[in-house]
Amino acid sequence: MDKTDKFRKIEQELLDTYKKKNSDYGDSFSDTFKKFGIVSAATRISDKSNRLSNLIKNQKFPNYESVTDTLRDMASYCIMTLVELDND
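Residues numbered from 1 in each chain as written. Predicted model: local features only at pLDDT ≥ 70, side-chain atom pairs only at ≥ 80, totals over all residues. Heavy atoms only, no water.

(A) Structural context of the nonpolar core. Judged by nonpolar contacts, Phe29, Phe33, Ala41, Tyr77 and Met80 together constitute the single largest core of five residues. Among the secondary structure elements, those contributing two or more residues to this core are α2 (28-36) and α4 (67-87). Sequence-distant contacts of alanine 41, defined by excluding residues within four places in its chain, comprise Phe29, Phe33 and Thr81. (Core = buried A, V, L, I, M, F, W, Y, C linked by side-chain atoms within 4.5 Å. Buried < 20%, exposed > 50% of the residue type's maximum accessible area, 1.4 Å probe, protein only. Helix = DSSP H or I, 4+ residues; strand = E, 2+ residues; numbered from the N terminus. Contact = heavy atoms within 4.5 Å.)

Rendered as structure tokens:
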């Protein structure tokens, strides 16, 4: 599998997760973005960045969160922010 195929696979996984979470929890990110603007997105992305730093710095990788999970979360929040900015 070349890098383009891997990229597409990750994109699809992010989309699948996004759909599942929105189905389970509603569109809470959009609701929060409408209330507080881009600061809400920056806060969530910053939280994930801090988690990534802590995972790397402490070299502790709990069973329930990993570096790859955190990177996927960050990517999703960045994409969701782009969608919200496009909707404004």
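(B) Here's a closer look at α2. Burial in α2 covers these residues: Phe29, Ser30 and Phe33. Buried residues of α2, viewed axially, fall in a sector of 95 degrees; they line one side. Facing away from the buried surface of α2 by more than 90 degrees, the exposed residues are Lys34, Lys35 and Phe36. Contact partners of the buried residues in α2: α3 (38-58) and α4. Of the residues trailing α2, glycine 37 is marked for its positive phi of about 75 degrees. (Arc of directions from axis to C-beta.)

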